[in-house]
Amino acid sequence: MNVDQLLRASLKEQAAAVEPASADLADRVLAGHSRRRTRRLASAAVAVVALTAAAITVPGAVDRGPDPQSPADRSVAARDVTGHPDQSPPRELIAAGGTAVAAWYTTDWVERPDGDRVRARSYHLYDPGTGRYTPADWSYLSVAPGLRTAAVLERDLPARRIGLLDLRTGEVTRWIAVDRPVGSVEFSPDGKKLLATTYGKDPDRYYKDKPININGKDEPGPYPSRTGFGILDVDSGAASWHTVKEEKDLLFSSGRSDFLWTHDGTWVIGQLADGKTRFFDLKGEPVPRPPGEKGTEPYTTGPSPDGKRAGGDFAGRGKEISSWITDPRTGKKLGTVPAQQLLAWADGDRLIGWSCDPAACDGKNEFRNRLVLVEAGKKTVTPLSGFRPASAGGPGRWEPVFAARR
């Protein structure tokens, strides 16, 4: 696959999240920043080892209620690997090391009477009582460490309150009113704080009066309206709000561009209008790239839990399809792992990512991929889910939402 072909494949994958899901979409418009760091498509690798499914532990809680240290699911024990290579989308829990797929979602266009359209998410959220994913009617959600509490936003965005949902009962135990309208929310790594991205308009709505020309036809377009972020204390609900000014001459290619936590919760990161990752302190002030994050551009997984490695970008085609592992302090390339797109660290050595069908990694079917577990310094691939449809915008095209299992 040459560079032009690879870019074309990458645009198709990114476009699935933010633009109309037609077959020629990648030829028409560049998509924006997606939910979990940079989404760059490649193809995948290679040898597949047998999966040994094991039980897991999902203890802990954030929020008031029963004993915060009690397990969310008492029927499970070990923090190892649980996969379902025959399920896509998954019906039962997928997890590896310290990380679990706490939810997954698909996106579909919803037409509005005024000619606008909304790229709406349909979530399935982990139920610790059944060990299965169940439908959850929220516009946006984040799951706290321990898989017992989710922060949720109602359907109409931007929202004026954040709900704390008990995963065991499916009930909202508390609402936190917000001073500024928010379009996304994310738990901090310790589960004690929430990061809320503020927007002036619905970041998932495409507006008839802001048309984009696609193949000679005007279609509803995005309205970039991100204004900043807030840091909220989960226990008290106290919040601090911070405006982030955007360059007016460099617009996002999507209305949604959420702020995110760094891996340790020390900083906030955001993709600004020029497309590069910027860092902010918790008071909303821009800061230089921290020493332990100098080698994390583009931002995919961020540093590993021990800070020794970082997941990198697509490594290109050589003898295999792979992605880089880098030194987060220097950016030095440390080697590759056989995955087309890295998503999250399972522990200090292993990562969860997308990998395409080994029999189809010829540049034609990169989109037929599945969740896999790979390990730094090794070439084996452990499948975690079944394959997604071989189409960037096809039905059943799902995206995972990760959370720590502790």
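Residues numbered from 1 in each chain as written. Predicted model: local features only at pLDDT ≥ 70, side-chain atom pairs only at ≥ 80, totals over all residues. Heavy atoms only, no water.

1. Considering the overall build of the protein
Per the secondary structure count, the protein includes one helix and 26 strands. Looking at the protein residue by residue over its 406 residues, the buried ones come to 57%. Sequence separation of 24 or more characterises 55% of the internal contacts of the protein that already satisfy a separation of 6 or more. (Helix = DSSP H or I, 4+ residues; strand = E, 2+ residues; numbered from the N terminus. Buried < 20%, exposed > 50% of the residue type's maximum accessible area, 1.4 Å probe, protein only. Contact = heavy atoms within 4.5 Å.)

2. Remarks on the packing of aromatic side chains
Taken as a whole and judged by the stated rule, the model has eleven aromatic pairs. Ring plane angle 85 degrees and centroid distance 5.0 Å describe the contact between Trp 109 and Tyr 206, whose orientation is recorded as edge-to-face. Separated by 97 residues along the polypeptide, Trp 109 in strand S3 (residues 99–111) and Tyr 206 in strand S11 (residues 205–214) bring together distant segments of the chain. A relative accessible area of 2% means that Tyr 206 is categorised as buried. Three or more aromatic residues joined by ring pairs form one cluster here, namely Trp 104, Trp 354 and Trp 398. (Phe/Tyr/Trp six-rings, centres within 6.5 Å; stacked < 30°, edge-to-face > 60°.)

3. Here we look at the sheet that holds strand S9 (residues 171–187)
Read from one edge of the open sheet, seven strands run S6-S7-S8-S9-S10-S13-S14, paired in antiparallel fashion. Looking at strand neighbours, the two that pair on one side only are strand S6 (140–143) and strand S14 (239–243), the edges of this open sheet. This sheet shows a mean twist of 25 degrees between the axes of neighbouring strands, independent of strand direction. (Pairing = 2+ DSSP bridges. Axes fitted to C-alpha atoms, helices over the stretch in contact; angles between N-to-C directions.)

4. Considerations on the sheet that holds strand S18 (residues 286–287)
Taken in spatial order, the four strands make up an open sheet running S15-S16-S17-S18, and their pairing is antiparallel. Of all strands in the sheet, those with a lone pairing partner are strand S15 (260–261) and S18, marking the two edges. Pairing analysis gives four bridges linking strand S16 (residues 268–271) to strand S17 (residues 277–280), with the strands arranged antiparallel. Of the residues in S17, the one forming a bridge with Gly 270 is Arg 278.

5. Some words on the side chain of Gln 87
Structurally, Gln 87 is set in the loop between strand S1 (81–82) and strand S2 (95–96). Within polar-contact distance, the side chain of Gln 87 engages the backbone nitrogen of Arg 91 at 2.7 Å. Once residues lying within four places of it in the same chain are set aside, the contact partners of Gln 87 are Glu 92, Ser 385 and Gly 386. (Polar contact = N/O pair within 3.5 Å; in protein donor to acceptor, adjacent residues only side chain to side chain.)

6. Focus: the nonpolar core
Judged by nonpolar contacts, the single largest core of 54 residues is most densely connected at Leu 125, Val 143, Ile 162 and Leu 194. The element that contributes the greatest number of residues to this core is S3, accounting for six residues. For Leu 194, the residues in contact, after removing those within four places along its chain, are Ala 151, Ile 162, Leu 164, Ile 176, Val 185, Glu 186, Phe 187, Gly 230, Ile 231, Leu 232, Val 234 and Trp 261. (Core = buried A, V, L, I, M, F, W, Y, C linked by side-chain atoms within 4.5 Å.)

7. Comments concerning the pattern of salt bridges
Taken as a whole and judged by the stated rule, the model has 17 salt bridges. With a shortest N-O distance of 3.5 Å, Arg 117 and Glu 111 are connected by a salt bridge. Judged by its relative accessible area of 15%, Arg 117 is buried. When salt bridges with common partners are traced through the structure, they connect Asp 80, Asp 347 and Arg 350 into a single cluster. (Salt bridge = Lys/Arg side-chain N within 4 Å of Asp/Glu carboxyl O.)

8. Re the pairing of S16
Because side chains alternate across S16, one face comprises the buried residues Val 268 and Gly 270, and the other comprises Ile 269 and Gln 271, equally buried. Pairing of S15 with S16 involves two bridges; the strand directions are antiparallel. When the sheet's bridge partners are listed, Leu 260 is paired in S16 with Ile 269. The turn joining S15 and S16, which pair antiparallel and follow one another in sequence, is formed by six residues; a positive phi near 75 degrees is taken by Gly 265.

9. Observations regarding the side chain of Glu 293
Here Glu 293 lies in the loop between S18 and strand S19 (310–317). For the buried Glu 293, no salt bridge exists, and the shortest N-O distance to an oppositely charged side chain is 5.6 Å, to Arg 289. Not counting chain neighbours up to four residues away, the residues in contact with Glu 293 comprise Thr 262, His 263, Phe 279, Tyr 299, Pro 303 and Pro 328. (Lys, Arg positive; Asp, Glu negative; His and termini not counted.)

10. What to know about unusual backbone geometry
Residue Pro 158 is reached from Leu 157 by a cis peptide bond, and omega for that bond is -5 degrees. Looking at where Pro 158 falls in the secondary structure, it is placed in the loop between strand S7 (149–153) and strand S8 (159–166). A cis amide bond links Glu 297 to the next residue, Pro 298, at an omega of 0 degrees. Tracing the sequence through the fold places Pro 298 in the loop between S18 and S19. If you check the backbone angles, Leu 147 has positive phi at about 55 degrees while not being a glycine. Tracing the backbone through its elements, the reader meets Leu 147 in the loop between S6 and S7. We classify Leu 147 as buried; its relative accessible area is 0%. At Asn 215, a residue that is not glycine, the phi angle is positive and equals roughly 55 degrees.

11. Focus on the pairing of strand S4 (residues 117–127)
Within S4, nine of the eleven residues are buried, leaving the element largely enclosed by the surrounding structure. Looking at chain direction, S3 and S4 are connected through nine bridges and run antiparallel. Opposite Asp 108, over in S4, you have Ala 120 as the bridge partner. Between S3 and S4, which pair antiparallel and follow one another directly, the connecting turn spans five residues, one of which, Gly 115, has a positive phi of 95 degrees. Across five bridges, the pairing between S4 and strand S5 (residues 132–136) is antiparallel. Residue pairing for S5: His 124 is matched across the bridge by Pro 135. From the end of S4 to the start of S5, which pair antiparallel, there are four residues, and Gly 131 there has a positive phi angle of about 75 degrees.

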